[in-house]
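# Working through the structure, step by step
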Amino acid sequence: QVQLVESGGGLVQVGGSLRLSCAASGTIFSKNVMGWYRQAPGKQRELVADISSGGRTSYADSAKGRFDISRDIAKNTVYLQMNSMEPEDTAVYYCHLNPTGIFGDDYWGQGTQVTVSS
């Protein structure tokens, strides 16, 4: 059983920064992917950024140049540093883990609210 515990959401002003953290526990294989998705009201959940156990990263176009994803392999923790935040970044952010690298083997955190005020 895999569990994900998120922290770091909150309210920030336009141009400000926030850092999200997500700690994973349970059975996690050496080849895995962790990342962050977000869902704004009335919109579909979308990928923000993810990072493989090998360190390969991918970002949504909206996140490139402003957000940085990193992870601590030993702690099974993934971080999302968000800078130059915009009102459009307001959403519930969900931590995601694929613990085996097998397509469809997905686990989700409970979600953390991020609100950017203008």
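Everything numeric in this text was worked out from a predicted model, so none of it was measured. (Residues numbered from 1 in each chain as written. Predicted model: local features only at pLDDT ≥ 70, side-chain atom pairs only at ≥ 80, totals over all residues. Heavy atoms only, no water.)

With that settled, the discussion passes to the sheet that holds strand 8 (residues 77-82). With respect to topology, four strands assemble into an open sheet ordered 1-3-8-7, the strand pairing being antiparallel. Strand pairing shows two members of the sheet lacking a second neighbour, strand 1 (3-7) and strand 7 (67-72), which therefore form its edges. Ignoring which end each strand starts from, the neighbouring axes of this sheet average 15 degrees apart. (Pairing = 2+ DSSP bridges. Helix = DSSP H or I, 4+ residues; strand = E, 2+ residues; numbered from the N terminus. Axes fitted to C-alpha atoms, helices over the stretch in contact; angles between N-to-C directions.)

The next thing to look at is the confidence of the model for the chain. Per-residue confidence for the chain averages 95 on the pLDDT scale, and 100% of its residues sit at or above 70. The lowest-confidence element of the chain is strand 1, averaging 95 in pLDDT; the highest-confidence one is strand 2 (residues 10-13), averaging 98. (pLDDT = per-residue confidence, 0-100.)

This part is about the pairing of strand 11 (residues 112-117). Strand residues, when the strand is regular, have side chains that alternate between the two faces of the sheet. Residues T112, V114 and V116 line the buried face of strand 11, whereas the alternating positions Q113, T115 and S117 sit on a face that is not buried. One ladder, built from four bridges, connects strand 2 with strand 11; its direction is parallel. Residue pairing in the sheet places L11 in a bridge with T115 of strand 11. Pairing of strand 9 (residues 91-98) with strand 11, which is carried by three bridges, proceeds in the antiparallel orientation. The residue of strand 11 that forms the bridge with V92 is Q113. (Buried < 20%, exposed > 50% of the residue type's maximum accessible area, 1.4 Å probe, protein only.)

Our focus in this paragraph is the nonpolar core. Counting 27 residues, the largest nonpolar core has W36, L80, M82 and Y93 as the members making the most contacts within it. Put simply, the parts of the chain that give this core at least two residues each are strand 3 (18-25), strand 4 (33-39), strand 5 (46-52), strand 7, strand 8, strand 9 and strand 11. (Core = buried A, V, L, I, M, F, W, Y, C linked by side-chain atoms within 4.5 Å.)

Across all of its chains, the model carries four salt bridges by this definition. E46 serves as the salt-bridge partner of R38, at 2.8 Å between the closest nitrogen and oxygen. Note on E46: relative accessible area 36%, which makes it partly exposed. For D89, the salt bridge identified is with R38, shortest N-O distance 3.0 Å. Of this pair, D89 sits in the loop between strand 8 and strand 9 while R38 sits in strand 4, and the two are 51 residues apart along the sequence. Judged by its relative accessible area of 6%, R38 falls in the buried class. Each of R38, E46, R66 and D89 takes part in a single network of salt bridges with overlapping partners. (Salt bridge = Lys/Arg side-chain N within 4 Å of Asp/Glu carboxyl O.)

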